[in-house]
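# Structural features, examined
Each chain is listed here by its residues.
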Amino acid sequence: MKCKLYSCSLTAVACAMLLTTTTSCESLFASMGYVKADNLCELCAQRIGHGHMNNAVLIAEHPRTGVVQQTTQSNIDKSYMQELLNMDYTIHQYLPEEPKPMVWIDDTILETPAELKPLLAQTSQAGGVRYMPQGVSMRNSENAVYFYYQTDAANHPEPLRLRMQYYADDPLHFDRMEFRINGFTYGYKPSGTKTGKDGTRFYWENCDDALTAADKDLVYALAHADWVELRLKGAGGMDHVKMLTKDQIQAFYNTLQLYRLQGGTL
C-alpha cells in the first residue's frame, strides 16, 4: 500500500492541477522545484510553527483508486467550531434549600436511660417518680421554663408537662407564650395562670400544663433548637423577652428523650 503525504503552501493553480492531473504527486512536486523531505511530519511541524497554520494542506493519494484528496486547516477549524457550537452550555443553578420550621419527627434516640437519668433530678411523688432538669425547682421565687413529668406506681410516664415561672418586681399578667426558635415563631396559650405576691415588692406568676399532640412541633423544636427567644405576652401590650441558654435547651432535649425511652408519648 502506497500513500504519499506532503505539507506546503499551494497556489490556487497548483491545487487545481493536483485535483485534475493523473501525474503522480511526486513527479508534480519535482517539476515545481520542491524537494521531498525525509521526515514529512517534521516539515509540517516546522511550517505550522512559522505561522502557516491556515495555509497548511495535506495531500494524500488513495491506495486503490488513486484519487487525490486534500484537507485544509480551515476544514478542520470548521469541524471543531461546529463541535463547540453543538455542546450544551446550559448553566445549572443549584440553590440551597430554604430554612423551614421544625416539625415533630419520631427520630431514633441515641442515648440510653442510664446516660440520661443522671442529668435529671428525681424525687419520689405519689408512689411514682418526678423527673425534672437538674438545678431547677418549683419555687415561685425562681424564673424558669422547662419540661418535666411524673411516673405512676407502675413506672409508666404520665403526660409531659411545660412549666413557666415568672418572678419580678413588676406584675406582667401574661396569658400567652411565644417562642421564636431558629427564626420561626411557635405560639402557646396556657390553660390558666396562677399569680401571687412575695412580700411588698415582688410578684410571681406561673403556668403548668400537660402537653398534647397539638404541641408536638413546639416540643420537638424546643428540644432540637440552636437558639430560642421566649416572649411572655402580658396585659396592656407589655412583653417580657428572654433568650434561653444552651443549658435550658439541652434540658428540654434530655427530658424529652428520657420520657420517650420510658414509653411516654404525646
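Here goes a summary of the coordinates provided. Being a predicted model, the structure only gives us computed values, none of them experimental.

## A short note on the pairing of strand β9 (residues 184-188)
Pairing analysis gives five bridges linking strand β8 (residues 176-181) to β9, with the strands arranged antiparallel. Looking at β9, one finds that I181 is bridged to F184. Linking β8 to β9, which pair antiparallel, is a turn of two residues; within it N182 sits at a positive phi near 50°.

## What to know about the sheet that holds strand β12 (residues 228-233)
Note: strands within a sheet are paired through backbone hydrogen bonds, in either parallel or antiparallel orientation. Strand order in the open sheet made by the four strands is β9-β8-β12-β13, with antiparallel pairing throughout. The open sheet has two edge strands with one neighbour each: β9 and β13 (239-243). Averaged over all adjacent pairs, the angle separating strand axes in this sheet is 20°, with direction ignored. Sheet analysis places β8 next to β12, joined by six bridges and oriented antiparallel. Bridge pairing in β12 links R176 to K233. Docked against the sheet, helix α6 (residues 216-223) engages β8, β9 and β12, running at close to 50° with respect to β8.

## So, the packing of aromatic side chains
The final tally for this structure, using the stated rule, is six aromatic pairs. Taken together, Y131, Y149 and Y259 form an aromatic cluster joined through their ring pairs.

What counts and what doesn't
Residues numbered from 1 in each chain as written. Predicted model: local features only at pLDDT ≥ 70, side-chain atom pairs only at ≥ 80, totals over all residues. Heavy atoms only, no water. Pairing = 2+ DSSP bridges. Helix = DSSP H or I, 4+ residues; strand = E, 2+ residues; numbered from the N terminus. Axes fitted to C-alpha atoms, helices over the stretch in contact; angles between N-to-C directions. Contact = heavy atoms within 4.5 Å. Phe/Tyr/Trp six-rings, centres within 6.5 Å; stacked < 30°, edge-to-face > 60°.

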